[in-house]
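Secondary and tertiary structure notes
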Amino acid sequence: MAVNRMFRTCPSTGLVYHEAAEKLIRWNAVAGVVALLFGGILALLVTATRWQAIHLLPPDWFYLVLTAHGLNMLVFWIIFFEIAVLYFAASVLLKCRLATPRWAWAGFWLMILGALMNNVAVFRGDSSVMFTSYAPMGAHPAFYLGLILFAVGALIACFVFFGTLVVGRNEKTYNGSVPLVTFGAVTAAIIAVFTIASGAIILIPTFLWSVGLVDHIDSLMYRTVWWAFGHSSQQINVAAHVSVWYAIAAIVFGAKPMSEKVSRTAFLLYICFLQLASAHHLLADPGLTSNWKIFNTSYAMYLAVLASMVHGLTVPGAIEVAQREKGFNSGLFEWLRKAPWSNPAFSSMFISLIGFGFLGGISGVMMGTEQLNLIIHNTIYVPGHFHATVVIGTTLAFMGLTYFLIPTLFRREVMFPAMAKWQPYLFGLGMCGFSLFMMGAGTLGVPRRHWDISFAGNALGHEFPGTAWLMMALMGIFGLAAIVGGAMYLINTVGSVFFGKKIETPGFVHVKAKDGAAPPWQPVAVAITGHGPSIGTAGFVAPGTFLLAMVFLISFVLYYFVNWKYLSTVWPLS
Amino acid sequence: MSAISSPASRVWWKQPLDRVEGMWIAIAFVWCMVMFFMMPYWHVVGKQNLSNEAYRTTPEAFTAKTQAMVDKFKVREETDLKVPVVRPPAGSDVYLIARLWQWWPMLELEEGKTYRLHLASMDWLHGFSLQPENINIEVHPNYEHVITLTPTKAGTYSIICNEYCGINHHTMASRLYVVKGN
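Residues numbered from 1 in each chain as written. Chains lettered and ligands numbered in written order. Predicted model: local features only at pLDDT ≥ 70, side-chain atom pairs only at ≥ 80, totals over all residues. Heavy atoms only, no water.

1. Some remarks on the overall build of chain A
A tally of helices and strands in chain A yields 15 helices and three strands. Taking 2.2 N^0.38 as the reference for a compact globule, 574 residues should give roughly 25 Å; the C-alpha atoms of chain A span a radius of gyration of 24 Å, in line with that estimate. Across the 574 residues of chain A, 63% fall into the buried class. Of the contacts formed within chain A by residues at least 6 apart in sequence, a portion of 82% connects residues at least 24 apart. With the model as given, the accessible surface of chain A reaches about 20,000 Å², and the carbon-plus-sulfur share is 72%. Taking the average location of the 30 positive side-chain charges in chain A and that of its 19 negative ones, the two points are 11 Å from each other. (Helix = DSSP H or I, 4+ residues; strand = E, 2+ residues; numbered from the N terminus. Rg over C-alpha atoms; globule rule 2.2 N^0.38 Å. Buried < 20%, exposed > 50% of the residue type's maximum accessible area, 1.4 Å probe, protein only. Contact = heavy atoms within 4.5 Å. Areas by Shrake-Rupley, 256 points an atom, 1.4 Å probe, with all protein chains shown as cover. Lys, Arg positive; Asp, Glu negative; His and termini not counted. Charge placed at Lys NZ, Arg CZ, Asp CG, Glu CD.)

2. Here's the deal with the environment of Ala20 of chain A
Residues and elements named next belong to chain A. With respect to the helices, strands and loops of the structure, Ala20 is situated in helix 1 (residues 19–50). Judged by its relative accessible area of 11%, Ala20 falls in the buried class. Each residue touching Ala20, except ones within four places of it in the same chain, is listed here: Asn4 and Pro101.

3. A look at the confidence of the model for chain B
The share of residues in chain B with pLDDT of 70 or more is 99%, and the mean pLDDT across the chain is 95. Scored as a complex, the prediction yields pTM 0.95 and ipTM 0.96. (pLDDT = per-residue confidence, 0-100.)

4. Things to note about unusual backbone geometry
Residues and elements named next belong to chain B. Following Leu100, the chain continues into Trp101 via a peptide bond in cis, with omega recorded as -15°. Residue placement: Trp101 occurs in the loop between strand 4 (93–99) and strand 5 (102–104). Positive phi, normally seen in glycine, also occurs at Asn142, with a value near 70°. Inspection of the secondary structure assignment puts Asn142 in the loop between strand 9 (135–139) and strand 10 (143–149). The partly exposed category is assigned to Asn142, whose relative accessible area is 22%.

5. A short note on the sheet that holds strand 1 (residues 6–9) of chain A
All names here are of chain A. Reading across the sheet, the three strands line up as 2-1-3 and stay open at both edges, with antiparallel pairing between neighbours. Every other strand in the sheet has two partners, leaving strand 2 (16–18) and strand 3 (511–512) as the edge strands with one partner each. Sheet strands touched by helix 1: strand 1 and strand 2. Its angle to strand 2, the strand with the most contacts, is close to 85°. (Pairing = 2+ DSSP bridges. Axes fitted to C-alpha atoms, helices over the stretch in contact; angles between N-to-C directions.)

6. What about helix 7 (residues 260–273) of chain A?
In this model, helix 7 of chain A (14 residues) spans 20 Å end to end at C-alpha, consistent with the 20 Å of a helix rising 1.5 Å per residue. Along helix 7 of chain A, the residues that are buried comprise Glu260, Val262, Ser263, Arg264, Ala266, Phe267, Leu269, Tyr270 and Phe273 of chain A. In the core, the buried residues of helix 7 of chain A are packed alongside helix 5 (180–210), helix 6 (219–253) and helix 9 (299–325) of chain A together with helix 1 (19–45) of chain B. (Expected span 1.5 Å × (residues − 1).)

7. Some details on the nonpolar core
Core analysis: the largest hydrophobic core is formed by 257 residues, its most contacted members being Tyr270 of chain A together with Phe128 of chain B. If you tally residues by element for this core, the top one is helix 2 (residues 59–92) of chain A, at 25 residues. Sequence-distant contacts of Phe128 of chain B, defined by excluding residues within four places in its chain, comprise Leu96, Trp103, Leu117, Leu119, Ile135, Asn136, Ile137, Val139, Ile159, Ile160 and Asn162 of chain B. (Core = buried A, V, L, I, M, F, W, Y, C linked by side-chain atoms within 4.5 Å.)

8. Some remarks on the interface of chain A and chain B
Taken together, the 116 residues of chain A in the interface contact 91 residues of chain B. Buried surface at the junction of chain A and chain B, summed over both partners, amounts to about 9,200 Å²; 67% is from carbon and sulfur atoms. Viewed at the interface, chain B and chain A are joined by four salt bridges. Here Glu138 of chain B makes a salt bridge to Arg223 of chain A, at a shortest N to O gap of 3.6 Å. Across the contact surface, chain A and chain B share 46 residue pairs in polar contact (both at pLDDT 80 or more). Elements supplying a minimum of two residues to the side of chain A that touches chain B: helix 2, helix 5, helix 6, helix 7, helix 8 (290–297), helix 9, helix 13 (417–443) and helix 15 (543–567) of chain A. Among the elements that line the side of chain A that touches chain B, the one with the most residues is helix 15 of chain A, at 12 residues. For the side of chain A that touches chain B, a count of residues per class yields 70 nonpolar, 33 polar and 13 charged. (Buried area = accessible area lost by both parts, 1.4 Å probe. Salt bridge = Lys/Arg side-chain N within 4 Å of Asp/Glu carboxyl O. Polar contact = N/O pair within 3.5 Å; in protein donor to acceptor, adjacent residues only side chain to side chain. Nonpolar A, V, L, I, M, F, W, Y, C, P; charged D, E, K, R; others polar.)

9. Describing the packing of helix 3 (residues 101–126) of chain A against helix 4 (residues 141–170) of chain A
Residues and elements named next belong to chain A. At a minimum axis distance of 7 Å, the contact between helix 3 and helix 4 shows a crossing angle of 160°. Relative to helix 4, the element helix 3 is oriented roughly antiparallel. Remark: the crossing between helix 3 and helix 4 carries left-handed chirality. Counting all contacts with helix 3, which are made through Trp103, Ala104, Gly107, Leu110, Met111, Leu113, Gly114, Ala115, Met117, Asn118, Ala121 and Val122, the residues of helix 4 involved are Ala142, Phe143, Leu145, Gly146, Leu147, Leu149, Phe150, Val152, Gly153, Ala154, Ile156 and Val160. A breakdown of the residues in the contact of helix 3 with helix 4 according to their chemical character gives 19 nonpolar, five polar and no charged. (Parallel < 35°, antiparallel > 145°, perpendicular 65-115°, else oblique. Left-handed = near helix turned anticlockwise from the far one by under 90°.)

10. What about the side chain of Glu22 of chain A?
Residue and element names in this part refer to chain A. Tracing the sequence through the fold places Glu22 in helix 1. Residue classification places Glu22 among the buried residues on the basis of a relative accessible area of 7%. When neighbours within four sequence positions are excluded, Glu22 is seen to be in contact with Arg8, Tyr17, Leu409 and His510.

11. Comments concerning the packing of helix 11 (residues 344–367) of chain A against helix 12 (residues 381–408) of chain A
Residue and element names in this part refer to chain A. In the contact formed by helix 11 and helix 12, the axes pass within 8 Å of each other and the chain directions differ by 160°. Considering their axes alone, helix 11 and helix 12 lie roughly antiparallel with respect to each other. The way helix 11 lies across helix 12 gives a crossing that is left-handed. Partitioning the contact of helix 11 with helix 12 into residue classes produces 14 nonpolar, 10 polar and no charged.

12. Details of the sheet that holds strand 3 (residues 83–86) of chain B
Residues and elements named next belong to chain B. In spatial order, the strands read 2-3-6-12-11-8-9; together these seven strands make up an open sheet with mixed pairing. At either margin of the open sheet sits one strand with a lone partner, and together these are strand 2 (74–78) and strand 9. Averaged over all pairs of adjacent strands, the angle between strand axes in this sheet comes to 25°, irrespective of strand direction. Bridge count for strand 3 against strand 6 (residues 106–110) is two bridges, and the pairing is parallel. Paired with Val86 across the two strands is Leu107, which belongs to strand 6.

13. Brief notes about the pattern of salt bridges
Scanning the entire structure with this criterion turns up 24 salt bridges over all chains. The closest approach of N and O atoms between Glu260 of chain A and Arg264 of chain A, which form a salt bridge, is 2.9 Å. One end of the pair is Glu260 of chain A and the other is Arg264 of chain A, both in helix 7 and four residues apart, which spans about a single turn. On the accessibility criterion, Arg264 of chain A (4% relative accessible area) is buried. A salt bridge links Glu163 of chain B to Arg449 of chain A; its shortest N-O distance comes to 3.8 Å. Of this pair, Glu163 of chain B sits in the loop between strand 11 (155–161) and strand 12 (173–179) while Arg449 of chain A sits in the loop between helix 13 and helix 14 (466–499), placing the two residues on different chains. Classification of Glu163 of chain B as buried rests on a relative accessible area of 1%. The exposure class assigned to Arg449 of chain A is buried, which follows from its relative accessible area of 10%. What emerges from the salt-bridge pattern is a single network uniting Arg76, Glu78, Arg87, Glu108, Glu110 and Lys113 of chain B.

14. Some thoughts on the side chain of His450 of chain A
Structurally, His450 of chain A can be placed in the loop between helix 13 and helix 14. Exposure remark for His450 of chain A: the relative accessible area of 0% places this residue in the buried category. Setting aside residues no more than four positions away along its own chain, His450 of chain A makes contact with Arg50, Phe62, Tyr63 and Phe455 of chain A together with Cys161, His169 and His170 of chain B.

15. Observations regarding the pairing of strand 6 of chain B
Residues and elements named next belong to chain B. Counting buried residues in strand 6 gives five out of five residues, a clear majority hidden from the surface. Here strand 6 shows a buried face lined by Met106, Glu108 and Glu110 and a second buried face lined by Leu107 and Leu109. Judged from the four bridges that link them, strand 6 and strand 12 form a sheet pairing that is parallel. For Leu109, the partnering residue across the bridge sits in strand 12 and is Val178.

In structure tokens form, the structure reads like this:
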């Protein structure tokens, strides 16, 4: 079978696209955006129901729609887009052909089939079991089978990615080490393999149970193994969106990592420790010891948190160094003031970074503390936290990347540039408010996944304080703002990709590339040095970033201990 | 060379650390250790730690123990469903059943006294959420979780379910009374 070796070079960015990889990246990204569109409509329905002034859906539909919202957003949108990112990071950044495109297509269609099957099962109405599908609550067998097929497809895609790395190395399409962004993608893919294996270990027996071949699924076993899949899949997102941050910093500013060693070691810490986070969901469960909980919930002494704190410094730090070297070197924050705030790729990435760190990161570590989890578990604080990590962190970063991909990958102009300029702000700030008010309401005890916190008609219902109601209403308002922001993204993306003005390249042809396309090695720096004292102040090359990091740390410390103080006031229990 | 291309030098790991990065890594590491040691520390000095005491059980066995407590210490019934209100003696073992979609029975405890609360589910997962105290504990079927707790203030508390348990999940709510001692 002939191997497709046809490439094109993007005239505006200089990126090299393999013909087969380009098509796969496009289709995976489009499939992801379709899932985002569907999940977004469901988000509107969920928000409009939990905002009790509207209370839109009846309970059966609410629980159904909430189940479908979780799956389409957390699984289908994000993983389709991540597969596109993986192929991009391997084939495009290494300038090499994608390994086994046919297998990649098989994986893609399996994922499509699985996503459709799962959605059909949910919308039949007998599988409103939420994203988590905790046994012994059972769903239709097609619910589990759809997820299994989707996971098999994603696993194939991961191996196509690994295969592409091998192709790049064997055909010598790059020199030395892989780029940092590719390294981050490798991290995501390794975590993905672990995640999918965990998913198989729990979903296959659960599927067999749903068709009557296994007679009992233990609820604690289910939760322990399921979360090795459910939480780890969010760690794929972290590795992927941190890579996207680095990529956008490189694309927009030409920023190079402050230190390859530090950034790569931080990714390595992710590989070693992130998967322990299954425990975050089990801190309020019986049957597990405190030792197990403490070790696992802290990712073995918070080493993965350390990694995230490092990325949180090195990404803006790299931007600061690049800006200072360009001449924006005065004061602490000239580099930031003079950043391209009207470029949606940058603004998305920066809001994603700040929102992920301040809202998602701090809240996640707080509620992942063994004892503090008691005052948080299963309240609406939890979705508040993960909307900050997954929506502001991952989705917004991916949105930013899309604005870069539309011209280079799809060869179309962005249809509504003014709308693109404002979209990250509306979406990002809307989601920040949405997450914050959910966390506020959760602190006051409002439960998650709950149709009616007024307990109408219930003789024993609980009356939540007025502040909780206010928080839920504000959550609704900010949620609607974010949904408008999301709609702007979808209109612009879908419009541009299908109806945007084509960017014509005169004399465009796909060029057959020979093996070993990389130019011979050019030694650049004989003496390896740091950035030198020419920029920054007091030996600090990125003093502004360091100050921001200290603000972050102080917020973190204060918030962390405020919660211990709050915990110390509740009923003693042991 | 930027983050989307290969590092310029083959031996990139020899580039010395910038002061910004070095200091931040040190500070962040210290903070991570502080957070880690807070958890064991709280086990020693803190008063709010979730119990590690749990046993395997069955719905039948747990119902029998709960029924025995109800028969012995029932003081009245409430609501149309005639949910028994139980006032067990201070320091005793008290039982609470979680099932679709009810907490059973209702407990009346004495302020400042310590009880051993046994929690188990009869069917699916449920979430014991004590409001407005905001103590939240997962309740599993076939596991009996024993929590030693001390109500500190008299009043009427709510127990709601905060683990999704099907179509009437939002109706699963009950009370817990804390009364002043004699």
